[in-house]
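# Residue-level structural notes
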Amino acid sequence: MVLSHNLCTVLNVPHDPVALEEHFRDDDEGPVSNQGYMPYLNKFILEKVQGNFDKVEFNRMCWTLCAKKNLSRSPLLISDEDAFKVWVIFNFLSEDKYPLIIVPEEIEYLLKKLTEAMGAGWQQEQFDHYKIALNTSREGLSAWELIDLIGSGQFSKGMDRQTVSMAINEVFNELILDVLKQGYMLKKGHKRKNWTERWFVLKPNIISYYVSEDLKDKKGDIILDGNCCVEALPDKDGKKCLFLIKCLDKSFEISASDKKKKQEWIQAIQTTVNLLRAGSPPPHKEARQKRKELRQKLLAEQEELERQMKELQTANENKQKELETVRKQLEAAAARAAEEEKKRLQTQVELQDRFSLELEREKMVRQKMEEQVAQKSSELEQYLQRVRELEEMYKQLQEALEDEKQARQDEETVRKLQARLLEEESAKRAELEKWHLQQQQTIQMTEAEKQELENQRMIKEQALQVAMQQLEQLELERKEALEQYEEVKKKLETAANNTKSWKDKVAHHEGLIRLIEPGSKNPHLITNWGPAAFTEAELEQRQKSWKGKKTTSE
């Protein structure tokens, strides 16, 4: 009755002693037991809980009921209050199955939080050794084992009791009381407009401010929702590091101690508002849920893997049985095969004698056929050799004809070049004679024009010298052309001789290839329109040059 009354008081549930006495009335079922009390607890107390009770007081009551019996009597580095907070944190991080345990992953998370709160460095290697030793013996720790682990100072060496206590309190505030941030700041009043120092505590949907950090004298709350916002303000009225929290009904001006604290508070409040807008739980609860889902997923995968391993093991055993059966069948089959092999060997000896005679006859026939094939192969090889010789002769004849054709083209080119040089030489001589006549006429002019004509004569003589040089150059070119003509003529004669010799060689073969006769030998006219003649552009250029020289001489 006392326990039920205290539970109803802590959980803000109306106590009904009549229902309690009626439920636990002595009858044939025996005295009060745990099995009899749990239905009453669920029906008359827990089902009536509305959620508006103090969870810390409820946890403290449960702690009072179980701590004295289970808490270790060995001296610890933490106080009973700190042990209570560790016990509450254990209930938050433990798995949702009885008996309650905290798995190594959550132990690592808690120890990291405590180490970070103490400002020390995390010893991952030390925890890995501890985790290996833990996994070999059990799945996790109970609440009392966790208290012993933290109270022993195994992971807080070098830290005093006060530092460890402050770290436990900080983690307790964050994980259990949902305190996202707390600290002293100045708040501007709404009526008197004065600035007063307050202890602010930020939670997922509210900011409470107190006179001091002991949280005994609460001065007010700032209700947060998705419509709230926070923004920085410029310094004014001698106050620095200002920021403004805007709500629907009221705004609050607050001054932080420095710029870093100001930025941390703005960021923390804005993150809280964003979580409210998105409908998300606090970060530590969301992280715990994700870790739990990940462990469940890994556990499901491990169970699936174990199931598959069992199936594989069962299949392997079945396969072993099948293999044993097959082995016995194979042994029986081998015995039968040995008997059949004996019979087969006897039959094989008989067949071998019969086949040996047939093989001898086949060898004789094959030898005759091979001799015939060798004779035919020799004849075919001789015929192919003759065809290759004829093809080679045909290629050489074609090359000789090509050389003769090229020699005739070179001869035609040289003839055309010689004719063009002769024409140019005759034109030069005619022009020189004309200049000579003009010079004689100039000499017969009057003495008054003699001086001027003398200058012109000098110019013309220079032009004449240039023309003579050009004439000499043409003469050299004509000689080179004659030499080229002689060389081409010799090549033509050589090609003709080669062609004649090839004609004689081909005549000895029994008309296997037809001779290719050379083209017509009619005389060709030598003109300046052949391949070696001047192009139209060159002729025009030469004509302009001669006209310019002629004008200069006149």
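This report concerns the structure included in the present document.

Criteria and cut-off values
- Residues numbered from 1 in each chain as written.
- Predicted model: local features only at pLDDT ≥ 70, side-chain atom pairs only at ≥ 80, totals over all residues.
- Heavy atoms only, no water.
- Helix = DSSP H or I, 4+ residues; strand = E, 2+ residues; numbered from the N terminus.
- Buried < 20%, exposed > 50% of the residue type's maximum accessible area, 1.4 Å probe, protein only.
- Contact = heavy atoms within 4.5 Å.
- Areas by Shrake-Rupley, 256 points an atom, 1.4 Å probe, with all protein chains shown as cover.
- Pairing = 2+ DSSP bridges.
- Axes fitted to C-alpha atoms, helices over the stretch in contact; angles between N-to-C directions.
- Expected span 1.5 Å × (residues − 1).
- Polar contact = N/O pair within 3.5 Å; in protein donor to acceptor, adjacent residues only side chain to side chain.
- Salt bridge = Lys/Arg side-chain N within 4 Å of Asp/Glu carboxyl O.
- Phe/Tyr/Trp six-rings, centres within 6.5 Å; stacked < 30°, edge-to-face > 60°.
- Lys NZ or Arg CZ within 6 Å of the ring centre and 35° of its normal.
- Patch = residues over 30% accessible without salt bridge, like charges linked within 9 Å, V, L, I, M, F, W, Y side chains within 5 Å.

## A short note on the overall build of the protein chain
Scanning the protein chain for helices and strands turns up 13 helices and seven strands. Buried residues in the protein chain amount to 29% of all 554 residues. Long-range contacts, defined as pairs at least 24 residues apart, comprise 61% of the intrachain contacts of the protein chain with a sequence gap of at least 6. Accessible area for the protein chain stands at about 38500 Å²; split by element, carbon and sulfur atoms hold 52% of it.

## Some thoughts on the sheet that holds strand β6 (residues 242–246)
The strand order across the open sheet built from seven strands is β4-β3-β2-β1-β7-β6-β5, with neighbouring strands paired in antiparallel fashion. Taken across any chain shown, the strands that pair with only one partner, and hence form the sheet edges, are β4 (218–223) and β5 (229–233). On average, each strand axis in the sheet is inclined to that of its neighbour by 35°, with strand direction left out of account. Bridge count between β5 and β6: five bridges; the pairing is antiparallel. Within the sheet, the bridge partner assigned to Cys 229 lies in β6 and is Lys 246.

## Looking at helix α10 (residues 259–278)
Taking 1.5 Å as the rise per residue, α10 with 20 residues should run 28 Å; its terminal C-alpha atoms sit 28 Å apart, in good agreement. Turning to α10, its buried residues are Lys 262, Trp 265, Ile 266, Ala 268, Ile 269, Thr 272, Val 273 and Leu 275. The residue sitting at the N-terminus of α10 and contributing the capping side-chain oxygen is Asp 258; that oxygen lies 3.2 Å from the backbone nitrogen of Lys 260. Positive backbone phi, at 70°, marks Gly 279, one or two positions downstream of α10.

## Quick look at the pattern of salt bridges
Enumeration over the complete set of coordinates arrives at 27 salt bridges. With a closest N to O distance of 3.1 Å, Arg 60 and Glu 81 form a salt bridge. Of the two residues, Arg 60 is situated in helix α4 (residues 55–70) and Glu 81 in helix α5 (residues 80–93); the sequence distance between them amounts to 21 residues. We classify Arg 60 as partly exposed; its relative accessible area is 28%. The closest approach of N and O atoms between Lys 236 and Glu 253, which form a salt bridge, is 3.6 Å. Of this pair, Lys 236 sits in the loop between β5 and β6 while Glu 253 sits in strand β7 (residues 251–255), and the two are 17 residues apart along the sequence. By relative accessible area, which is 34% here, Lys 236 ends up partly exposed.

## Some points on the side chain of Glu 95
Inspection of the secondary structure puts Glu 95 in the loop between α5 and α6 (104–118). The class of Glu 95 is buried, set by a relative accessible area of 14%. Here Arg 295 takes part through its side chain, which lies 2.7 Å from a polar atom of the side chain of Glu 95. Beyond its immediate sequence surroundings of up to four residues, Glu 95 is in contact with Leu 100, Ile 101, Val 103 and Arg 295.

## Description of unusual backbone geometry
The residue Asp 237 is not glycine, and still its phi comes out positive at about 55°. Relative to the assigned elements, Asp 237 resides in the loop between β5 and β6. Judged by its relative accessible area of 61%, Asp 237 falls in the exposed class. The phi dihedral of Cys 241 falls on the positive side, at around 55°, and the residue is not glycine. Within the element layout of this structure, Cys 241 appears in the loop between β5 and β6. Look at Cys 241 and you get buried, because its relative accessible area is 11%.

## Focus on the packing of aromatic side chains
Where two aromatic rings form a pair, the distance of their centres and the angle of their planes describe that pair. Evaluation of the coordinates by the stated rule reveals nine aromatic pairs. Ring geometry for Trp 122 and Phe 127: centres 5.6 Å apart, planes at 45°, overall tilted. Given the relative accessible area of 1%, Phe 127 is considered buried. Over the face of the ring belonging to Tyr 109 we find Arg 291, whose NZ or CZ atom lies 3.8 Å from the ring centre.

## Let's talk about the pairing of strand β2 (residues 195–203)
The pairing of strand β1 (residues 181–188) with β2 spans eight bridges and is classified as antiparallel. Among the inter-strand pairings, Gln 182 is bridged to a residue of β2, identified as Val 201. The antiparallel hairpin formed by β1 and β2 contains six residues in its connecting segment, where Lys 193 sits at a positive phi of about 60°. In the sheet, β2 pairs with strand β3 (residues 206–210) via five bridges, with the strands oriented antiparallel. Looking at the pairing, Phe 200 lines up with Tyr 209 of β3. Linking two consecutive strands that pair antiparallel, namely β2 and β3, is a turn of two residues.

## So, the environment of Val 466
Tracing the backbone shows Val 466 in helix α12 (residues 450–507). Under the relative-accessibility criterion, Val 466 is labelled partly exposed at 37%. Separated by 83 residues in sequence, Val 466 and Lys 549 have C-alpha atoms that sit 9.7 Å apart.

## Quick word on a nonpolar patch on the surface
On the surface, Leu 305, Met 309 and Leu 312 cluster together into a nonpolar patch covering about 320 Å² of accessible area. Residue placement: Leu 305 occurs in helix α11 (residues 283–443).

By themselves, these observations are geometric and do not establish any function.
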